[in-house]
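Take a look at the letters that make up each chain.
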Amino acid sequence: LKKVSKAADDCHFKQVEVAEFQEVFSSWYEQEKSKYSDNSPTRRSGPLEDEESKVLTRSSLLRLFKNLGLQVEGQSKTMLDDQVSHLSQHPLKAVDFADFLRLMRWMLDTDFCQITTVVGIS
């Protein structure tokens, strides 16, 4: 929880914005988790969960962004991969909610894949 509070402060997100991002993150996590509920150890492209936090993998993030209407292809995919690698301390380069907040800040600040237009942020 401390890590999330620090990320929210660092990103200058308001409490209501953090709550909205938390809703998106959690609902997407649950949706993705249900897809991979067969507990197969060979499945690595879905969301992962450990005792401390829920995380979304790169594949889960790509599906989320596609669902939002973003076209993450080519150089954009490389940029996203680089940013996730920079943010994530997770061995599989998955992002927890604090990392997700930082990723959202980067995406908004850089207008990654025209996110502000696609999701209607002015």
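Conventions we followed
- Residues numbered from 1 in each chain as written.
- Predicted model: local features only at pLDDT ≥ 70, side-chain atom pairs only at ≥ 80, totals over all residues.
- Heavy atoms only, no water.
- Buried < 20%, exposed > 50% of the residue type's maximum accessible area, 1.4 Å probe, protein only.
- Helix = DSSP H or I, 4+ residues; strand = E, 2+ residues; numbered from the N terminus.
- Contact = heavy atoms within 4.5 Å.
- Phe/Tyr/Trp six-rings, centres within 6.5 Å; stacked < 30°, edge-to-face > 60°.
- pLDDT = per-residue confidence, 0-100.
- Core = buried A, V, L, I, M, F, W, Y, C linked by side-chain atoms within 4.5 Å.
- Axes fitted to C-alpha atoms, helices over the stretch in contact; angles between N-to-C directions.
- Parallel < 35°, antiparallel > 145°, perpendicular 65-115°, else oblique.
- Left-handed = near helix turned anticlockwise from the far one by under 90°.
- Nonpolar A, V, L, I, M, F, W, Y, C, P; charged D, E, K, R; others polar.
- Expected span 1.5 Å × (residues − 1).
- Arc of directions from axis to C-beta.

**A look at helix H3 (residues 58–68)**
Then step 1. Here H3 has its buried residues at Ser60, Leu61, Leu62, Leu64 and Phe65.
Then step 2. In the core, the buried residues of H3 are packed alongside helix H2 (15–35), helix H4 (75–87) and helix H5 (97–110).
Then step 3. Positive backbone phi, approximately 100°, marks glycine 69, located one or two places after H3.

**As for the packing of aromatic side chains**
Then step 1. Following the criterion strictly, the structure yields six aromatic pairs and no others.
Then step 2. Grouping aromatic residues by their ring pairs yields a cluster made of Phe13, Phe21, Phe25, Phe97 and Phe100.

**Notes on the side chain of aspartate 99**
Then step 1. Note that aspartate 99 resides in helix H5.
Then step 2. The residues touching aspartate 99, leaving out its near neighbours within four places in the chain, are Lys3, Leu87, Ser88, Gln89 and Ala94.

**Things to note about the confidence of the model for the protein chain**
Then step 1. Here the protein chain shows a mean pLDDT of 84. Residues at 70 or above account for 84%.
Then step 2. Least confident of the elements in the protein chain is strand E1 (residues 48–49), whose mean pLDDT is 49; most confident is H5, at 94.

**Looking at the nonpolar core**
Then step 1. Membership of the largest hydrophobic core comes to 32 residues, with the highest contact counts inside it found for Phe65, Leu80, Leu103 and Met107.
Then step 2. In terms of residue count, the dominant contributor to this core is H5 (nine residues).
Then step 3. The contacts of leucine 80, once residues within four sequence positions are left out, are Leu62, Phe65, Val72, Leu103, Trp106 and Phe112.

**Describing the packing of H4 against H5**
Then step 1. Between H4 and H5, the least distance of the axes is 10 Å, while the angle of their chain directions is 140°. The orientation of H4 with respect to H5, classified from their angle, is oblique. Along this stretch, H4 crosses H5, giving a crossing that reads as right-handed. Across from Met79, Leu80, Gln83, Val84 and Leu87 in H4, the residues of H5 making contact are Asp99, Arg102, Leu103 and Trp106.
Then step 2. In terms of residue class, the contact of H4 with H5 is made up of six nonpolar, one polar and two charged.

**Examining H4**
Since the α-helix packs 3.6 residues into each turn, any two residues three or four apart lie on the same face.
Then step 1. Helix length check: H4 (13 residues) gives 18 Å between terminal C-alpha atoms against 18 Å at 1.5 Å per residue, within 8%.
Then step 2. Listing the buried residues of H4 in full gives Ser76, Leu80, Gln83, Val84 and Leu87. Considered in projection along H4, the buried side chains sweep an arc of 100° and stay on one side of the axis. Every exposed residue of H4 that faces more than 90 degrees away from the buried side is listed here: Gln75 and His86.
Then step 3. In the core, the buried residues of H4 are packed alongside H3 and H5.

**So, the environment of tyrosine 29**
Then step 1. By the element assignment, tyrosine 29 lies in helix H2.
Then step 2. A relative accessible area of 1% means that tyrosine 29 is categorised as buried.
Then step 3. Each C-alpha atom of the pair tyrosine 29 and serine 60 lies 8.1 Å from the other, and the pair is 31 residues apart in sequence.

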